[in-house]
Amino acid sequence: NPVVNFEVSGESAVDPEVTHSWLANLYPVKVHDEIFGIGIVVIDISDQKWLAQSSLNLTRSVVAALANAVEMRDPYTAGHEGRVAKNASLVAHALELDAAVIESIELAANIHDIGKIALPAEILSKPGKLSQAEMELLRTHAQLGAEMLERVEFPSMAVQMVRQHHERMDGSGYPDGLVGEQISLGARIIAVADVFDAMASARPYRAALNIDVVLDELRGGAGTLYDADVVASFMQLWRSHHLTV
């Protein structure tokens, strides 16, 4: 059977101290249905890999800068997005997701609240309960964040996760009231990590909640508000003391 687009990397005789990447294709060579050799086509993709890594590094740098901007705007949630990103990444790895998907989850989780930059600071830091109008305004941050990232051609998968991280399995979330698998898996993972950290952290209007209360919220909402498989994986990671609090 042919082997298609098999990626290999290593040093070459020409550049013994430089790591190259190649895309290899191998196929059987037949005459009268009898295999008598193997055909090999190899393409050097080192430049493409370097450009892709450079682009990823730039994206990560931009994400770090945006995350810092969010924390400066809303200092009461300092560290929140970083913790959400770490825990979401752990869940994604536990679910054995594709590396590219995990990368998008980490990028999106690190700036999932970027839309709050567009909201009045007095709402973000208000010590008391928000009014209905203020709550409606706060809920626009998911859509606003996605729209900001779309304008700078941020990776589309990550943009989708930013928009959907407040969606809920039963359709009670926002901004689009999506149901079940209409919500991307990455957004479902970020949602669980986000709720966990938000409840377990102090806010201007309340003290941090007891961790048992937080875990009961996730267990009670599994299958209705939150993805049941994601919650199960999250609980397993909690029991093994891998999560960041």
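Higher on the page you've got the structure.
Description of the structure in this document.

## Some remarks on the overall build of the protein
Each helix and strand in the protein was counted, giving 10 helices and 3 strands. The order of helices and strands in the protein, counted from the N terminus, is β-β-β-α-α-α-α-α-α-α-α-α-α. A compact globule built from 245 residues should have a C-alpha radius of gyration of about 18 Å, whereas the protein, at 23 Å, is more than 25% larger. Seen through its principal axes, the protein has C-alpha atoms that stretch 80 × 35 × 35 Å. Looking at the 245 residues of the protein, the share that counts as buried comes to 38%. Sequence separation of 24 or more characterises 52% of the internal contacts of the protein that already satisfy a separation of 6 or more. Per element, the accessible surface of the protein, about 13,500 Å² overall, is 56% carbon and sulfur. Between the averaged position of the 18 positive side-chain charges in the protein and that of its 33 negative side-chain charges there is a distance of 10 Å.

## What to know about the pairing of strand β2 (residues 19–31)
By the bridge criterion, 7 bridges tie strand β1 (residues 3–11) to β2 in an arrangement that is antiparallel. Bridge pairing in β2 links Val8 to Trp22. Here β2 runs beside strand β3 (residues 34–44); their pairing, made up of 10 bridges, is antiparallel. Residue pairing in the sheet places Tyr27 in a bridge with Gly39 of β3. Between the antiparallel neighbours β2 and β3 lie 2 residues, among them His32 with a positive phi of about 55°.

## A look at unusual backbone geometry
In this structure, the amide linkage connecting Tyr174 to the following residue, Pro175, adopts the cis form with an omega of 10°. The backbone of His32 shows a phi angle near 55°, a positive value even though the residue is not glycine. Turning to its location among the elements, His32 is positioned in the loop between β2 and β3.

## Observations concerning the sheet that holds β3
With antiparallel pairing, 3 strands are arranged side by side in an open sheet as β1-β2-β3. The outermost strands of the open sheet, each flanked by one partner alone, are β1 and β3. Across the sheet, the mean angle separating the axes of adjacent strands is 30° when strand polarity is ignored.

## Regarding the nonpolar core
By size, the foremost hydrophobic cluster in this structure holds 40 residues, and its most contacted members are Phe154, Ile190, Leu218 and Phe234. Among the elements of the structure, α1 (46–73), α2 (80–94), α3 (99–110), α6 (141–151), α7 (156–164), α8 (185–200), α9 (211–221) and α10 (228–239) are those that each provide at least two residues to this core. Looking at this core element by element, the count peaks at 8 residues for α8. If near-sequence neighbours (up to four positions away) are discounted, Phe154 is found in contact with Thr59, Val63, Leu107, Ile111, Leu149 and Val159.

## Overview of α9
Of the residues making up α9, those classed as buried are Val214, Leu215, Leu218 and Gly221. All buried residues of α9 project into a common sector of 140° when viewed along the axis, lining one side. Those residues of α9 that are buried are in contact with α8 and α10. The N-cap of α9, judged by a side-chain oxygen 2.8 Å from the amide nitrogen of Asp212 a few residues on, is Asn210. Backbone geometry just downstream of α9 places Gly223 in the positive-phi region, at approximately 95°.

## Here we look at α10
Between its terminal C-alpha atoms α10 stretches 17 Å, which fits the 16 Å expected from 12 residues at 1.5 Å a residue. What α10 keeps buried is the set Val230, Val231, Ser233, Phe234, Met235 and Leu237. Contacts made by the buried residues of α10 are with α2, α8 and α9. Two residues or fewer after α10 comes His241, characterised by a positive phi angle close to 60°.

## With respect to the pattern of salt bridges
As enumerated under the stated definition, the model contains 9 salt bridges in all. Two residues, Lys49 and Glu7, come together in a salt bridge whose shortest N-O distance is 2.7 Å. Pair noted here: Lys49 is in helix α1 and Glu7 is in strand β1, with a separation of 42 residues, a long-range link. When its relative accessible area of 41% is taken as the criterion, Glu7 is described as partly exposed. For the salt bridge of Asp227 with Arg188, the shortest nitrogen-to-oxygen distance reads 2.6 Å. Remark: Arg188 occurs in helix α8 and Asp227 occurs in the loop between α9 and α10; sequence separation between them is 39 residues. The same class applies to Asp227 as to Arg188, namely buried.

Criteria and cut-off values
Residues numbered from 1 in each chain as written. Predicted model: local features only at pLDDT ≥ 70, side-chain atom pairs only at ≥ 80, totals over all residues. Heavy atoms only, no water. Helix = DSSP H or I, 4+ residues; strand = E, 2+ residues; numbered from the N terminus. Rg over C-alpha atoms; globule rule 2.2 N^0.38 Å. Buried < 20%, exposed > 50% of the residue type's maximum accessible area, 1.4 Å probe, protein only. Contact = heavy atoms within 4.5 Å. Areas by Shrake-Rupley, 256 points an atom, 1.4 Å probe, with all protein chains shown as cover. Lys, Arg positive; Asp, Glu negative; His and termini not counted. Charge placed at Lys NZ, Arg CZ, Asp CG, Glu CD. Pairing = 2+ DSSP bridges. Axes fitted to C-alpha atoms, helices over the stretch in contact; angles between N-to-C directions. Core = buried A, V, L, I, M, F, W, Y, C linked by side-chain atoms within 4.5 Å. Arc of directions from axis to C-beta. Polar contact = N/O pair within 3.5 Å; in protein donor to acceptor, adjacent residues only side chain to side chain. Expected span 1.5 Å × (residues − 1). Salt bridge = Lys/Arg side-chain N within 4 Å of Asp/Glu carboxyl O.

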